[in-house]
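# Residue-level structure breakdown
Given next are the chains, with one letter for each unit.
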Amino acid sequence: MPASHGRGWSTRRSQERPVLLAHKIALDPNMAQRVYFARASGTARFSYNWALAEWQRQYKAGEKPSEVSLRRQLNTIKRDQFVWMFDVTKCAVQEAIIDLGTAFRAFFEKRGKYPRFKRKEDKPSFCAANEAGTFRADGKRIKLPVIGWIGMREECRFSGPLKRATVSCEAGRWFVSLMVDTDEVQPVAQPEAAVGIDLGVTTLATLSTGEAIEGPKSHKVALARLRRANKAMARKRRGSRNARKAKARLGRLHRRVAAIRRDATHKMTTRIAKTYAVIGIEDLNVRGMVRNRHLARAVSDGGFHEFRRQITYKARLYGARVVVAGRWYPSSKSCSCCGVIKETLALAERTFRCTDCGFEAGRDVNAALNLAAMAASSAVAACGEIRADAGRKARVKRTSVKQEENTVLMEAA
Ligand SMILES: [Zn+2]
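Our next topic: unusual backbone geometry. Negative phi values dominate among residues other than glycine, just as trans dominates among peptide bonds. Positive phi, close to 60°, is recorded for Lys110, a residue that is not glycine. As for its position among the elements, Lys110 is in the loop between helix 4 (90–108) and strand 2 (125–129). On the basis of relative accessibility, which here comes to 76%, the residue Lys110 falls in the exposed class. Phi is positive for Val146, close to 70°, though the residue is something other than glycine. By the secondary structure assignment, Val146 is in the loop between strand 4 (141–144) and strand 5 (148–152).

Moving on, we get to the pattern of salt bridges. Applying the stated criterion across every chain, the model contains 17 salt bridges. The salt bridge involving Glu67 is made with Arg105; its shortest N-O contact spans 3.9 Å. Here Arg105 lies in helix 4 and Glu67 lies in helix 3 (residues 67–81), a separation of 38 residues in the sequence. When its relative accessible area of 16% is taken as the criterion, Glu67 is described as buried. Among the residues examined, Arg105 registers a relative accessible area of 41% and is labelled partly exposed. Residue Arg119 pairs with Asp122 through a salt bridge whose shortest N-O separation is 3.1 Å. Classification of Arg119 as partly exposed rests on a relative accessible area of 43%. Look at Asp122 and you get partly exposed, because its relative accessible area is 21%. Connected via shared salt-bridge partners are Lys24, Lys123 and Glu170.

This part takes up the side chain of His266. Along the chain, the position of His266 falls in helix 6 (residues 241–275). His266 sits in the buried class, given a relative accessible area of 9%. Of note is the side chain of His266, whose polar atom sits 3.2 Å from the side chain of Arg157. Sequence-distant contacts of His266, defined by excluding residues within four places in its chain, comprise Arg157, Glu306, Arg309, Gln310, Tyr313 and Lys314.

Moving on: a positive patch on the surface. Together, Arg225, Arg228, Arg249, Arg252, Arg255 and Arg256 give the surface a local cluster of positive charge. Counting residues per element, the ones that place at least two in the positive patch are helix 5 (217–235) and helix 6. Top contributing element to the positive patch by residue count: helix 6, with four residues. Within the element layout of this structure, Arg228 appears in helix 5.

Criteria and cut-off values
- Residues numbered from 1 in each chain as written.
- Predicted model: local features only at pLDDT ≥ 70, side-chain atom pairs only at ≥ 80, totals over all residues.
- Heavy atoms only, no water.
- Helix = DSSP H or I, 4+ residues; strand = E, 2+ residues; numbered from the N terminus.
- Buried < 20%, exposed > 50% of the residue type's maximum accessible area, 1.4 Å probe, protein only.
- Salt bridge = Lys/Arg side-chain N within 4 Å of Asp/Glu carboxyl O.
- Polar contact = N/O pair within 3.5 Å; in protein donor to acceptor, adjacent residues only side chain to side chain.
- Contact = heavy atoms within 4.5 Å.
- Patch = residues over 30% accessible without salt bridge, like charges linked within 9 Å, V, L, I, M, F, W, Y side chains within 5 Å.
- Areas by Shrake-Rupley, 256 points an atom, 1.4 Å probe, with all protein chains shown as cover.
- Lys, Arg positive; Asp, Glu negative; His and termini not counted.
- Charge placed at Lys NZ, Arg CZ, Asp CG, Glu CD.

See below:
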């Protein structure tokens, strides 16, 4: 239907920098590979700490340390001083120092803290860059330098050249995070115009079409366990051994719920970005304020953040557009039929009833319908994320306003 949609995006995209996306996948390493991973991680940690100490020393001596000079310096001395570094890929050493350089750059640009030394207790990890084609993925396996093929639990969801692989260990399991250059992904022509999305805790999301996305069954089970663990935690005496155990269990369940949500959110956001040309969502800060229950908030904050991150980059990838409602946009309190805004709406009211026009709908559906209308009526801009304030002119983040698309987008409102 939006025929004008497919054209135009690709040229605009090619002027942008390549889109680098990461997909983290669980690995199935054998014993020898595990040993190698641990050793490479140790080497990476050592290199990082060596470079940080050297950076500080040179800085104090009035020199100008840099990531490049430190890499060169380590290369010249490692044959004499750290001959064991040759046991693992030289990438582990190089990339660790590159990471330190990145951390310092973030610090100087006031985006990050001053780099800290890595401790043995920190998450083990090392990186490999793929400059000379040292590794490649083939379906559900990946070939890494020195150790060869390793099974992956799933295929990489992005296609394109692999730029970098980060191998890390969490709670005894090894993962690889693959960074893919997705520049060649082509925008799709979305069959539908606009959609509004209301995010939830038990239900992942409700669309303005009335569709409720429940997420997998395991999500419900994990949520119920999390609620129980949360209550159990509250009953324990503070500082006791049992409280410590309950806390660890709670942490594990939080990670599990987050992992299930992340997976389900990936399926959902891919489908939405491929189906709808304009996507209306709420500002997340509002959500945090509305859902103030302890557990719901902990689950939702992380989940909404992840949703926003995914839908933003996927919209960019597939040429859809995300419109974020202004902070004070009353998506729950407005009647999606006549526009009247309710004075009060209790959280417990699951059905929206309008006293003015008699409109009735599920609370989530009504909110999603408002977000869809908001998104569709906001000024049409280039792909990417824009913010819209209800009734006011949308502030367009990127350039170029395409008027001719407006007519197409209005239909769903
Ligand atoms: Zn009404």
